[in-house]
Amino acid sequence: MERITLIRELAGLVSSNVRIRGWVYNLRSSGSIAFLQLRDGTGRVQAVVSKNDVSSESWEAASTATIESSAIVDGIVKTEPRSPSGVEIQATRVELVQRAAEFPIGKKEHGPDFLLDNRHLWIRSARQEAILRIRDEIIFALREFMRLRGFILCDSPIFTPNAVEGTTDLFEVNYFDRPAYLSQSGQLYQEATSAALGKTYCFGPTFRSEKSKTRRHLTEFWMLEAEASFMDWQENIQLQEDMMAHVVRHVLENRKEDLKTLERDTSVLEKSAEGRFPRLHYDEAIKKLQLLGSDIKWGDDFGADDETILTKQFDRPIFIHHYPAKIKAFYMKPDAERPDLALNDDCLAPEGYGEIIGGSQRIDELTLLEKRIEEHGLPRKAFEWYLDLRRYGSVPHSGFGIGVERTVSWICGLEHVRETIPFPRLLNRLEP
Ligand code: 4AD
Ligand code: MG
């Protein structure tokens, strides 16, 4: 079998004979020349087919190709200064694998609903391809960072018997005639695994039946949740900062072309890759917001608008810490000096993107945790195993969860998280 060359390898192969295979994403022909623009997932290149240089079968194939037809093209790699990759192919043979029916996505503007209905085809467009490659880079960098810092992957279950982040947005499923819930966070299990292995993380799909139709909410999203024994809330923030800087650096280094395709202004990303994210106490953030014209009062949680105005003041992500315990989850450890505040943090992405990470130090003391479970009206029995972690060698410990889609959305500079995952699940969308 003939060796297959990937489109991304072509620039280094000027004057060679190659065979490429992929899809025709655009085409035009004028008389006796056909221009086939091909993509193979690794890049895009134009093949020039001259009627006089190829067999009649090849000419027939090239001149009757349609958008998204699949094809195998042999040819010689030529320098072409006008091409983004610097090369094109002078074809010597063209074979259609399948001649595509009329492709529903054209060059004209389509509305978001039409594109989402055709998501299985929309992902072939240059922008979507770039976003999905950056998503892959972000996930790779996150996993690499966890490995570099000594965290062990320990998957949390998806079927769970209880809530973690409040009871209002759980997806209930019928688990052999008893109710179960799709996981809304793997954290509690990470508290168990980190007491076994020291530092652990899970990375998987997370489900929330939030009735929010915003640009930041999916009903199924991917979250990496890390947990470390003996780590306090300040070390936890530093870890999150190092991780974000690592991820942004990876994307800047390895996905330059994709950022260019997305026309992403990279100046904020370059700042973010340096680390040194500003840290604001909740009290200070509230004062700042009020000065900026928000009607937020002390004790309120931040609305999306508050996060937007606040983050626009900074050139990189920021951390807000010490939110009131009352507006946060049951497991967060209170500050010893101001017990109405929790030892928690949110990492807010700049340019108006807002929260991408939530973290905290956890309550490590049995009686206080029992009290919180009761105050939050949580079923005590389902939490007995979790309370055991405070009975047998309890230690101070902290962790966080980073939402992949919100991170992709910010790094790519997108309007909406629906483009950050191959097949988004939204309030009103289960298909395709
Ligand atoms: O702030 P959250 O709810 O925190 C937790 O779940 C903790 N148990 C994490 C931990 O400490 N182990 O969610 C964490 C992150 C958010 O900052 C956000 O990025 C993402 O998960 N997220 C969502 N992303 C998309 N759609 C949704 N509906 C999301 N809800 C949360
Ligand atoms: Mg949160």
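Residues numbered from 1 in each chain as written. Chains lettered and ligands numbered in written order. Predicted model: local features only at pLDDT ≥ 70, side-chain atom pairs only at ≥ 80, totals over all residues. Heavy atoms only, no water.

Under an unreviewed UniProt entry, the name given to the chain is Asparagine--tRNA ligase, and the source organism is Candidatus Uhrbacteria bacterium RIFCSPHIGHO2_02_FULL_57_19. Checking UniProt for the chain, the heading Catalytic activity (unreviewed entry) contains the comment "tRNA(Asn) + L-asparagine + ATP = L-asparaginyl-tRNA(Asn) + AMP + diphosphate + H(+)". Check the Subunit (unreviewed entry) section of the UniProt entry for the chain; it says "Homodimer." (UniProt positions renumbered as here; feature names shortened; annotations may be inferred.)

With that settled, consider helix α13 (residues 404-412). Because an α-helix packs 3.6 residues into every turn, residues spaced three or four apart end up facing the same way. In terms of residue burial, α13 counts as a mostly covered element, since 8 of its 9 residues are buried. Val-404, Glu-405, Thr-407, Val-408, Ser-409, Trp-410, Ile-411 and Cys-412 are the residues of α13 that are buried. In the segment just after α13, Gly-413 is the residue with positive phi, at about 70°. (Buried < 20%, exposed > 50% of the residue type's maximum accessible area, 1.4 Å probe, protein only. Helix = DSSP H or I, 4+ residues; strand = E, 2+ residues; numbered from the N terminus.)

Bringing the site of ligand 1 into the picture now. Neighbouring ligand 1 are 22 residues; Glu-165, Gln-187, Arg-208, Glu-210 and Glu-355 lie closest to it. One of the side-chain N or O atoms of Glu-210 is found 2.7 Å from a nitrogen atom in ligand 1. Backbone polar atom of Ile-356 to an oxygen atom of ligand 1: 2.9 Å apart, as the coordinates give it. Within the complex, 94% of the 630 Å² of free accessible area of ligand 1 lies under protein. A molecule is said to occupy a pocket when more than half its atoms come within 2 Å of that pocket's grid points, and by this definition ligand 1 occupies the largest pocket. The set of elements that each furnish at least two residues to the shell around ligand 1 consists of β11 (220-229), β15 (354-361) and β16 (397-403). Tallied by class, residues from the shell around ligand 1 come to 7 nonpolar, 7 polar and 8 charged. (Near = heavy atom within 4 Å. Polar contact = N/O pair within 3.5 Å; in protein donor to acceptor, adjacent residues only side chain to side chain. Areas by Shrake-Rupley, 256 points an atom, 1.4 Å probe, with all protein chains shown as cover. 1 Å grid on protein atoms, 1.4 Å probe; cavity = no way out; pocket = protein on both sides within 12 Å on 5 of 7 lines; lining within 4 Å. Sits in = over half its atoms within 2 Å of the grid points. Nonpolar A, V, L, I, M, F, W, Y, C, P; charged D, E, K, R; others polar.)

Where helix α4 (residues 126-148) contacts helix α6 (residues 233-254), the axes come no closer than 9 Å and their chain directions differ by 135°. Between α4 and α6, the angle is such that the two are oblique. The interaxial crossing formed by α4 with α6 has right-handed handedness. Contacts between α4 and α6 pair Ile-134, Glu-137, Ile-138, Phe-140, Ala-141, Leu-142, Glu-144, Phe-145, Met-146 and Leu-148 from the former with Leu-239, Asp-242, Met-243, His-246, Val-247, His-250, Val-251 and Asn-254 from the latter. For the contact of α4 with α6, the residue count by class is 12 nonpolar, 3 polar and 3 charged. (Axes fitted to C-alpha atoms, helices over the stretch in contact; angles between N-to-C directions. Parallel < 35°, antiparallel > 145°, perpendicular 65-115°, else oblique. Left-handed = near helix turned anticlockwise from the far one by under 90°. Contact = heavy atoms within 4.5 Å.)

The strand order β6-β10-β11-β16-β15-β14-β13-β12 describes an open sheet built from 8 strands, whose pairing is mixed. Of all strands in the sheet, those bounded by a partner on one side alone are β6 (152-153) and β12 (279-281). Inspection of the sheet shows β11 paired to β16 by 7 bridges, in the antiparallel sense. Each bridged residue has a counterpart across the sheet, and for Glu-225 the counterpart in β16 is Gly-401. On the sheet, α6 packs against β12, β13 (318-321), β14 (344-349), β15 and β16 and is oriented at approximately 30° with respect to β16. The strands touched by helix α10 (residues 304-311) are β13, β14 and β15; relative to β14, the strand with the most contacts, the crossing angle is about 70°. (Pairing = 2+ DSSP bridges.)

Turning next to the sheet that holds strand β4 (residues 70-79). In spatial order, the strands read β1-β2-β3-β5-β4; together these 5 strands close into a barrel with mixed pairing. Going across the sheet, the axis of each strand differs from the next one's by a mean of 50°, ignoring polarity. As judged from the 7 bridges shared by strand β1 (residues 17-30) and β4, these two strands associate in the antiparallel manner. Looking at β4, one finds that Trp-23 is bridged to Ser-70. Along the sheet, helix α1 (residues 56-64) makes contact with β2 (33-39), β3 (44-50) and β5 (87-98), crossing β5 at roughly 90°.

Attention shifts here to the layout of surface pockets. In this model, the largest pocket occupies a volume close to 1,100 Å³. What lines the largest pocket is a set of 49 residues, and nearest its centre among them are Glu-165, Arg-208, Glu-210, Lys-328 and Glu-355. The element contributing the most residues to the lining of the largest pocket is β15, with 6 residues. Looking at side-chain class alone, the lining of the largest pocket contains 19 nonpolar, 14 polar and 16 charged residues. Reported here for the second largest pocket is a volume of approximately 980 Å³. As for the second largest pocket, its lining consists of 31 residues, and the residues nearest its centre are Gly-43, Arg-44, Pro-84, Ser-85 and Glu-257. Of all elements in the fold, only β1, β2, β3, β5, α4 and α7 (256-261) reach the threshold of two or more residues within the lining of the second largest pocket. For the lining of the second largest pocket, the element with the highest residue contribution is α7, accounting for 5 residues. (Points joined across faces, edges and corners; volume = space filled by probe spheres on them.)

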